[in-house]
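Each chain is listed here by its residues.
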Amino acid sequence: MVLKLSFSVEGEKQVSRRLNMVADHVKDFDEPLRNIGKELLRSVDSNFSSRGALFGARWAPRKDNKPHPILEDSGAMRRGFKDNLGEGYVEIYNIEDYFKYHQSNQPRKKLPRRLMLKIDDIRKTYIVKQFQEHIQKAMRAD
C-alpha cells in the first residue's frame with residue numbers, strides 16, 4: 001500500500017517571498033552576538049563581586065592575610081576580560097596570562113581553581129533567547 005500526501009499553500013508565492021526576506025534579515029547576527037558578549041562580561045563582573053558564587057563555585061578562601069579581595073590585587077584579572085565580535089561569532093577572553101591557571105579544571109596541588117567564566121544554564125537560556133528574538137524580529141520586519 002502506497003500512501004501519498006500532497007498539499008498546497010494559498011498564497012504560495014507570497015510565502016516564498018516572505019521567507020526569502022526573513023533569510024536576508026537573519027544573516028546578520030551582530031546584534032544578538034553583541035548582546036551575548038555584553039551579558040557574559042556582566043556575568044563575569046558579577047561573579048567577581050560575589051567571589052565566585054554566581055556560578056555556584058565560591059572561591060576558596062585565601063591562605064594568606066592580604067587585605068585585597070581574591071584575584072584583585074591590581075584589578076588586572078577582572079579588567080582583563082574582553083569580547084571580540086566577528087562575523088558569526090563572539091569571543092570572550094582574558095588578556096592576563098595567568099587566567100588559564102585559575103580557570104583550568106586540571107588537577108592541582110597549590111593554586112586553587114577560581115572559576116571566573118562559565119556558560120551555565122542561565123547564560124545558555126539567555127543565548128538561545130537572543131537568537132530567537134533576532135529571528136522573530138526578522139519575521140516581523142517588512
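Model, not experiment: these values are computed from the prediction. (Residues numbered from 1 in each chain as written. Predicted model: local features only at pLDDT ≥ 70, side-chain atom pairs only at ≥ 80, totals over all residues. Heavy atoms only, no water.)

Colleague: Sorry, what's going on with the overall build of the protein chain here?
Modeller: Looking only at helices and strands, one finds 5 helices and 2 strands in the protein chain. For the protein chain, the succession of helices and strands along the chain, N to C, is α-α-α-β-β-α-α. Put simply, the protein chain has 142 residues, and 29% of those count as buried. Contacts in the protein chain between residues far apart in sequence, at least 24 positions, make up 57% of those at least 6 positions apart. If you sum the accessible surface of the protein chain, you get close to 10600 Å²; carbon and sulfur atoms cover 53% of it. (Helix = DSSP H or I, 4+ residues; strand = E, 2+ residues; numbered from the N terminus. Buried < 20%, exposed > 50% of the residue type's maximum accessible area, 1.4 Å probe, protein only. Contact = heavy atoms within 4.5 Å. Areas by Shrake-Rupley, 256 points an atom, 1.4 Å probe, with all protein chains shown as cover.)

Colleague: Would you explain the packing of aromatic side chains in this entry?
Modeller: When we look at a pair of aromatic rings, we describe it by the centre distance and by the angle of the planes. This structure, assessed with the given rule, holds 4 aromatic pairs. An angle of 70° between the planes, with centres 5.6 Å apart, marks the rings of Phe29 and Phe131 as edge-to-face. In this pair, Phe29 is assigned in the loop between helix H1 (12–26) and helix H2 (30–49) and Phe131 in helix H5 (residues 121–140), connecting sequence segments 102 residues apart. Classification of Phe29 as partly exposed rests on a relative accessible area of 26%. Assessed through its relative accessible area of 26%, Phe131 is described here as partly exposed. (Phe/Tyr/Trp six-rings, centres within 6.5 Å; stacked < 30°, edge-to-face > 60°.)

Colleague: I keep staring at the environment of Gly37 and nothing clicks. Help me out?
Modeller: Along the chain, Gly37 falls in helix H2. For the pair formed by Gly37 and Tyr89, sequence separation is 52 residues and the distance between their alpha carbons is 9.6 Å. Not counting the four nearest positions on each side in its chain, Gly37 is found in contact with Asp83, Val90 and Ile92.

Colleague: What's the story with unusual backbone geometry in this structure? I'm lost.
Modeller: Negative phi characterises most residues that are not glycine, and trans characterises most peptide bonds. One non-glycine residue with positive phi stands out, namely Arg51, at about 55°. Mapped onto the elements of the fold, Arg51 is located in the loop between H2 and helix H3 (76–79). Using a relative accessible area of 21% as the deciding quantity, one classes Arg51 as partly exposed.

Colleague: Would you mind showing me how to read the pairing of strand S1 (residues 81–86) here?
Modeller: Bridge analysis of S1 against strand S2 (residues 89–94) gives 6 bridges, and the strand direction is antiparallel. Bridging across to S2, Asn84 finds its partner in Glu91. In textbook terms, the turn of a hairpin is the stretch between consecutive antiparallel strands, and for S1 and S2 this stretch comprises 2 residues, one of which, Gly88, has a positive phi near 90°. (Pairing = 2+ DSSP bridges.)

Just geometry here; none of it tells us what the structure is for.
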